[in-house]
Amino acid sequence: MISQNPLTLLTPVRQDCIEKLNEILERFKVGLNVGLNERFNKLGTLHYARWFILREDSFRDKTAFPLPERLVFSSNFDGGEDEHINGLVTIFPEYFDELYECCEGYPEPGMRNTETRKSYLSKWKVNTTAFYVGAPGRSLQQIKQEDTLQKYLWNIINKNNWDGKSALEIQKFLREKVNADPELAWSKESVNTPSTNWPGMILMVLIMIILLPIIIPWILILYFFYERRDTNCTATRSQLNDDLVRRLEADEDLFNQNQFTQVLVMKPGKVRLITVHALMLFARTLIKNFFVKGKLMGIPTIHFARWVLIDNDKHMMFFSNFDGSWNQYLCDFIDKSGWGLTGIFSNTVNFPETRFLFTGGAYDEEHFLAWSRGTQILTQVWYSAYHHLSIKNIVNNTLIRNELWKNLTEEQAQLFLKRI
Amino acid sequence: MQELELSEIQGFLVRDYKEMPVSKYFLLQIGDASKAKRFIENISKKITTVVDKDEESFINIGFTGIGLSALGLHENNLRAFTREFREGMVTPHRQRLLGDHDSNDPSNWDWGGTKNEGIHLMLMVFNSTQENINTQTQQLRKEFVEYGLKEVFLLNGETFPEGREHFGFRESISQPAIIGSGVTGIQNDNIQPGEFLMGYKNEYNVYPDSPSLINEQGNINMLPDDPIEKGKKDLGRNGTYFVLRQLKEDVNGFWSFLNEKSKNEDGSFNHEESTKLAAKMMGRWPGGAPLVKFPDKDPGILTDDNDFVYTDTDRLGLKCPFGSHVRRTNPRDNFEETGPAESLQLTKKHRIMRRVRSYGEKYTASATQHTPVDEVGILFGCFNADINRQFEFIQYSWANYPKFKQLYADPDPFIGVKENPEPGVVQQFTIPTEAHNKYIDGLKSFVTVKGGAYFFFPSRTVVEYLSTI
């Protein structure tokens, strides 16, 4: 099973090049609709990518210290990081040259080769604090192949009359068809998808229980000495900067998928820092052992999500790629995982009023939505390798592939056919 | 339970005015603000509130964002309204959310679109007979002239026999009931007032975004205090937002398509199957009977039965397909990622109070009869406190979005189909049957938007207050 990984690069921009860089990014954005995406597709392992310029005024709240302009690149890819960076600079070196020439210290034209480009990019890598994958183990190639298979099967079912046929007979017919098509031979190899690690979960719960004598006083200290003194977001959506929201909306709902980039200032102090790191550890454990079937805390629309603490843990970036509209995505967060979200994000400045780390916060619907929109920033270039597929489709397609070749009962075969 | 100030709330939100089968919606433009204020002052005394039930005709009034501005509401006070309302229905992003492209493009609309005159306010009158409403119209038109109001467009609405719209389906069956409004529904339909009224708590147990007065103007003593921002006055309390869209129905296209898709093997029409396919797409039989209760055969009854859920009765969509109009626009207890109780709670956060009238020739279509002479359709209206989370959410995330639930390429067959999908994009309706799924592909759009706008429906007092600004 292949693993999908995140890469985040934070590269300082040359002061004389900011305008030029904005223009290039704008050109890339337009280019993605007319041909540039094919270059990205060529990589064959890239699920999503984004670029944007991070500036001090990208943050809605005052940053911990003055910040230089930095070009942020983020990608979700299959396999090893070295191979990924190698792919980026060999498949489209001219794009990377054009962009990163605007950044500090990029190799001079005569010095550019795969190695120097790679080592330049790698230098600016920042570590991902927590990373969620909606369809773990599924490479881009697998996602595309299984999409083809689903469409192939759909076509057969749609074009034929099945009156009087049992589900098992239909499954057999489908198998014969696929069997006869050498291009679909790959589908016969059953693939594993991760399952919930119950022993790991039980262990985690036990550890949490053992730690309760620390966790409970910690939460009380947070409440009495921190949360009650916080300043909180009391804005409503109508009070946000209209132009800002309109600019964000201009790039939204063009496809069935959207993206979200949020930048935040962490609340100061060790207590907050320890809290957020502990929660990130908790999140990583849950993601690895529990959220492995296409749902992040019950939210069934997220392809990838990532938290990245930067600038010596003073600032945080959050990225996600999701299905459907912004509003649906945020409402899902409130309805299904309000507590988890509150636990993490209440450690950032100006989050809606939170009590005891997990209550209030995201559940304060209007203020939470205003806070989310207010801290979201423009993603200048965004690439998705499969914006026609929802994460539910992707997870379902793997089940279709496996069940096609399984010996099923009539009832199971009926469920299998309903997936198509 | 939150106590509602029923004598402040415009009646159309709570009552459907079914006793008044004819209606006219006057879309007006303000010529002279001070004259218009005198008109509004007069109207504020005649507004039908929830408690006014004995009048000869019912009158309600709504304002657009540009209307409030034309009336003289200070820029900062207008700014306090939600962006959806201020911007109106026609923006590039909102067009994408609502699916207003091709024939639905606002540049093709008869009113409210990019090529039409601006609408400032809407006066809605409801009466018992055509004759009465015509007399009333003559009187009103005199007043419009007197107070410098220009009639930009007139919409004539009616409720048809058996409450059916032109495709032939009984309309407006599934409605929420606002807790405390005096109307009660089945348990699952009882919704917190803040989902429909500003100044009350909603299903999240918080107050919806409500415009407070930023710059003092007019007689502010008339206004209630803002429940959140201390020391400020609230323009929103007991008010709501109204969405209005004129939707033309291609009745002939719809039934011809279904007749074609349900033909017998020998090529002859099978009208029974065609009706069944229509019912599958709707989720109810034309008379209103829900498919989860009558999956196979039209019971031939007229009913407003809304007391049903899906999880226990139809988890696989064998009776009522997941993609059907009623199942996706009100998913009740059946989201696959949450249990029934939690699903019901989620659904409650995306309900609208529908207020629909038909327009055009009085005609009820069926599989065998579907050629009205004139343009026909509905005046789709709905009330909600958060246009973005309610109306727009339902239209985009549940109706237009083809990947609703686990579906792949299924828009709402009535209101979500794109006229010109991108090349290679399939638009289908999936019908689960016991052994496998059946697909109706090549869906066509049979509903065209002809006009639309978002309105603020203030409380009776705030209508009067607006005459003092």
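Bear in mind the structure is a predicted one, so any value in this text is a computation, not a measurement.

**So, the overall build of chain A**
Looking only at helices and strands, one finds 14 helices and 11 strands in chain A. Whereas a compact globule of 420 residues would reach a radius of gyration of roughly 22 Å, chain A reaches 23 Å, a difference of no more than 12%. In terms of principal-axis extent, the alpha carbons of chain A reach across some 70 × 60 × 40 Å. Taken across its 420 residues, chain A has 58% of its residues classed as buried. Of the contacts formed within chain A by residues at least 6 apart in sequence, a portion of 81% connects residues at least 24 apart. A total of about 17,700 Å² of accessible surface is found on chain A, and carbon and sulfur atoms cover 56% of it. Charge-centre separation for chain A: the mean point of 47 positive side chains lies 4 Å from the mean point of 48 negative side chains.

**Re helix H10 (residues 270-289) of chain A**
All names here are of chain A. Taking 1.5 Å per residue as the helical rise, H10 with its 20 residues ought to reach 28 Å, and the 28 Å between its terminal C-alpha atoms agrees with that figure. Turning to H10, its buried residues are Val271, Arg272, Thr275, Val276, Leu279, Met280, Phe282, Ala283, Leu286, Ile287 and Asn289. The elements touched by buried residues of H10 are strand E5 (130-133), helix H8 (198-225), strand E7 (302-310), strand E8 (315-323) and helix H11 (326-345).

**Describing the packing of aromatic side chains**
Residues and elements named next belong to chain B. Enumeration according to the criterion identifies 68 aromatic pairs over all chains in this entry. A ring pair is formed by Phe12 and Tyr17, whose centres lie 5.1 Å apart and whose planes are at 20°; its orientation type is stacked. For the pair shown, Phe12 and Tyr17 are each scored as buried. Taking the centre distance of 6.2 Å and the plane angle of 65° together, the rings of Phe85 and Phe456 count as edge-to-face.

**Digging into the UniProt feature "domain: DyP dimeric alpha+beta barrel" (unreviewed entry) in chain B**
Per the UniProt record, the feature "domain: DyP dimeric alpha+beta barrel" (unreviewed entry) sits at residues 27-158 of chain B. With 42% helix and 20% strand, the stretch residues 27-158 of chain B has end C-alpha atoms that lie 17 Å from each other.

**Topic: the side chain of Glu69 of chain A**
Residues and elements named next belong to chain A. Take Glu69: it is sitting in the loop between strand E2 (46-54) and strand E3 (70-78). Buried and unpaired, Glu69 has Arg55 as its nearest opposite-charge partner, separated by 4.1 Å. For Glu69, the side chain forms a polar contact with the side chain of Gln15, separated by 3.0 Å. Those residues within four positions of Glu69 in sequence are excluded, and the remaining contacts are Thr11, Pro12, Val13, Gln15, Ile18, Ile53, Leu54 and Arg55.

**What about the domain arrangement of chain B?**
Residues and elements named next belong to chain B. As far as domains go, chain B holds domain 1 (6-245 + 452-466) and domain 2 (250-349 + 399-448). Measuring from the centre of the C-alpha atoms in domain 1 to the corresponding centre in domain 2 gives 31 Å. With 26 residues of domain 1 in contact, the opposing surface of domain 2 contributes 32 residues. Counting the surface lost from both domain 1 and domain 2, the interface buries some 2,400 Å², and carbon and sulfur atoms represent 55% of this.

**Some words on the sheet that holds E7 of chain A**
Residue and element names in this part refer to chain A. The strand order across the open sheet formed by 4 strands is E5-E7-E8-E6, and the pairing between neighbours is antiparallel. Looking at strand neighbours, the two that pair on one side only are E5 and strand E6 (257-265), the edges of this open sheet. When strand polarity is set aside, the average angle formed by the axes of neighbouring strands in this sheet is 10°. Across 4 bridges, E5 lies against E7 in antiparallel orientation. Across the sheet, residue Ala130 finds its bridge partner in E7, namely Trp307. Set on the sheet, H11 makes contact with E6, E7 and E8; between it and E8 the angle comes to about 140°.

**Looking at the domain arrangement of chain A**
It is common to give the size of an interface as the accessible area that goes away when the parts come together. All names here are of chain A. Entries for chain A in the domain assignment read domain 1 (4-133), domain 2 (140-190 + 390-419) and domain 3 (198-384). Taking the mean C-alpha position of each, domain 2 and domain 3 sit 38 Å from one another. The interface of domain 2 with domain 3 comprises 5 residues on the first partner and 7 residues on the second. With both sides pooled, the region where domain 2 packs onto domain 3 buries about 430 Å², and carbon together with sulfur makes up 69% of that total. For the domain 2 face of the interface with domain 3, the top three residues by lost area are Ser390, Ile391 and Lys392, together amounting to 78%. Linking domain 2 with domain 3 are 0 salt bridges. Taken together, the connections running from domain 2 to domain 3 amount to 2 residue pairs in polar contact (both at pLDDT 80 or more). Residue composition of the side of domain 2 that touches domain 3, by class: 3 nonpolar, 1 polar and 1 charged.

**Description of the interface of chain A and chain B**
Taken residue by residue, the interface counts 56 residues in chain A and 49 residues in chain B. Between chain A and chain B lies a buried interface of about 4,200 Å² when both sides are counted; carbon and sulfur atoms form 45% of it. Three residues stand out in chain A for area buried against chain B, namely Trp154, Ser238 and Lys418 of chain A, and they jointly supply 15% of the buried area on that side. Here chain A is connected to chain B by 10 salt bridges. Between Lys392 of chain A and Glu336 of chain B there is a salt bridge, with its nearest N and O atoms 2.7 Å apart. Our count for the chain A to chain B interface comes out at 39 residue pairs in polar contact (both at pLDDT 80 or more). Elements represented by at least two residues in the side of chain A that touches chain B include exactly helix H6 (140-159), helix H7 (167-179), helix H9 (242-250), H11, helix H12 (365-375), helix H13 (391-404) and helix H14 (410-419) of chain A. Within the side of chain A that touches chain B, the residues separate by chemical class into 19 nonpolar, 19 polar and 18 charged.

**Digging into the UniProt feature "transmembrane region" (unreviewed entry) in chain A**
According to UniProt, the "transmembrane region" (unreviewed entry) feature falls on residues 198-226 of chain A. Split by type, residues 198-226 of chain A is 97% helix and 0% strand. Its first and last C-alpha atoms lie 35 Å apart.

**Points about the pattern of salt bridges**
On inspection of all chains with the given rule, the structure shows 65 salt bridges over all chains. Here Arg237 of chain A makes a salt bridge to Glu366 of chain A, at a shortest N to O gap of 2.6 Å. Of this pair, Arg237 of chain A sits in the loop between H8 and H9 while Glu366 of chain A sits in helix H12, and the two are 129 residues apart along the sequence. Take Arg237 of chain A and Glu366 of chain A: they sit in the same class, and that class is buried. Here Arg389 of chain B ties to Glu195 of chain B by a salt bridge, and the two come within 3.0 Å at their closest N and O atoms. Of this pair, Arg389 of chain B sits in helix H13 (residues 388-400) while Glu195 of chain B sits in the loop between strand E6 (190-191) and strand E7 (240-249); the two residues are 194 residues apart in sequence, bridging distant segments of the chain. Take Arg389 of chain B and Glu195 of chain B: they sit in the same class, and that class is buried. Sharing partners across several salt bridges, the network here consists of Asp242, Asp243, Arg246 and Glu249 of chain A together with Arg79, Arg83, Arg86, Glu87, Arg94 and Glu392 of chain B.

**Topic: the environment of Lys444 of chain B**
Tracing the backbone shows Lys444 of chain B in the loop between strand E12 (437-441) and strand E13 (447-457). The contacts of Lys444 of chain B, once residues within four sequence positions are left out, are Phe257 and Val417 of chain B.

**Focus: the confidence of the model for chain A**
The pLDDT averaged across chain A works out to 94; a share of 100% of its residues lies at or above 70. Across chain A, E3 of chain A holds the top mean pLDDT of 98, while helix H2 (residues 36-43) of chain A sits lowest at 86.

**Describing the state of the cysteines**
Two cysteines, two sulfur atoms, one covalent bond between them: this is a disulfide. One pass over the full model with this rule turns up 0 disulfides over all chains. Considering cysteine sulfurs only, Cys102 of chain A is the nearest to Cys17 of chain A, which forms no disulfide, with 4.0 Å between them.

Basis of the calculations
- Residues numbered from 1 in each chain as written.
- Chains lettered and ligands numbered in written order.
- Predicted model: local features only at pLDDT ≥ 70, side-chain atom pairs only at ≥ 80, totals over all residues.
- Heavy atoms only, no water.
- Helix = DSSP H or I, 4+ residues; strand = E, 2+ residues; numbered from the N terminus.
- Rg over C-alpha atoms; globule rule 2.2 N^0.38 Å.
- Buried < 20%, exposed > 50% of the residue type's maximum accessible area, 1.4 Å probe, protein only.
- Contact = heavy atoms within 4.5 Å.
- Areas by Shrake-Rupley, 256 points an atom, 1.4 Å probe, with all protein chains shown as cover.
- Lys, Arg positive; Asp, Glu negative; His and termini not counted.
- Charge placed at Lys NZ, Arg CZ, Asp CG, Glu CD.
- Expected span 1.5 Å × (residues − 1).
- Phe/Tyr/Trp six-rings, centres within 6.5 Å; stacked < 30°, edge-to-face > 60°.
- UniProt positions renumbered as here; feature names shortened; annotations may be inferred.
- Salt bridge = Lys/Arg side-chain N within 4 Å of Asp/Glu carboxyl O.
- Polar contact = N/O pair within 3.5 Å; in protein donor to acceptor, adjacent residues only side chain to side chain.
- Domains from an automatic or database assignment.
- Buried area = accessible area lost by both parts, 1.4 Å probe.
- Pairing = 2+ DSSP bridges.
- Axes fitted to C-alpha atoms, helices over the stretch in contact; angles between N-to-C directions.
- Nonpolar A, V, L, I, M, F, W, Y, C, P; charged D, E, K, R; others polar.
- pLDDT = per-residue confidence, 0-100.
- Disulfide = S-S within 2.5 Å.

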